[in-house]
Amino acid sequence: MKSDFAAARLHLERAGHYLRGDDETSSEALAALDLLIEAIVAAQYTRPMAEVVNFPRSARLR
């Protein structure tokens, strides 16, 4: 099963809207959510490593 990064990001952003209090706990939780959202965005747009195919030397000389 593949992760749905877009849905996870959406839910975390919505959760952040509920943490708009002026207290320290709300501020710390919102900062933690921001870090999670950044990590999800990075994971969402990271491409897998490409496989490098080495060609025989004789093919390059033609």
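Residues numbered from 1 in each chain as written. Predicted model: local features only at pLDDT ≥ 70, side-chain atom pairs only at ≥ 80, totals over all residues. Heavy atoms only, no water.

(A) Layout of the environment of Ala 8. Here Ala 8 lies in helix H1 (residues 5-17). The exposure class assigned to Ala 8 is partly exposed, which follows from its relative accessible area of 30%. Considered as a pair, Ala 8 and Ile 37 are 29 residues apart in the sequence and their alpha carbons are 8.4 Å apart. (Helix = DSSP H or I, 4+ residues; strand = E, 2+ residues; numbered from the N terminus. Buried < 20%, exposed > 50% of the residue type's maximum accessible area, 1.4 Å probe, protein only.)

(B) Quick peek at the pattern of salt bridges. For the structure shown, the criterion picks out 1 salt bridge. A salt bridge links Glu 13 to Arg 9, with the shortest nitrogen-to-oxygen separation between them at 3.1 Å. Of the two residues, Glu 13 and Arg 9 are both situated in helix H1; the distance of 4 residues between them amounts to about one turn of the helix. For Arg 9, a relative accessible area of 28% gives the class partly exposed. (Salt bridge = Lys/Arg side-chain N within 4 Å of Asp/Glu carboxyl O.)

(C) Geometry of helix H2 (residues 24-44). Compared with an ideal rise of 1.5 Å per residue, which puts 21 residues at 30 Å, H2 spans 30 Å between its outermost C-alpha atoms and is within 8% of the ideal. Along H2, the positions that sit buried rather than exposed are Ser 26, Leu 30, Leu 33, Ile 37 and Ile 40. Projected onto a plane normal to the axis of H2, the buried residues spread over an arc of 80 degrees and lie on a single side. H2 presents Glu 24, Glu 28, Leu 35 and Glu 38 as exposed residues on the side facing more than 90 degrees away from its buried surface. For H2, the secondary structure elements touched by its buried residues are H1. (Expected span 1.5 Å × (residues − 1). Arc of directions from axis to C-beta. Contact = heavy atoms within 4.5 Å.)

(D) Just a negative patch on the surface, in detail. On the surface, Asp 22, Asp 23, Glu 24 and Glu 28 cluster together to form a negatively charged patch. Summarising the element assignment, Asp 22 is placed in the loop between H1 and H2. Residue class for Asp 22 comes out exposed when judged on its relative accessible area of 81%. (Patch = residues over 30% accessible without salt bridge, like charges linked within 9 Å, V, L, I, M, F, W, Y side chains within 5 Å. Areas by Shrake-Rupley, 256 points an atom, 1.4 Å probe, with all protein chains shown as cover. Lys, Arg positive; Asp, Glu negative; His and termini not counted. Charge placed at Lys NZ, Arg CZ, Asp CG, Glu CD.)

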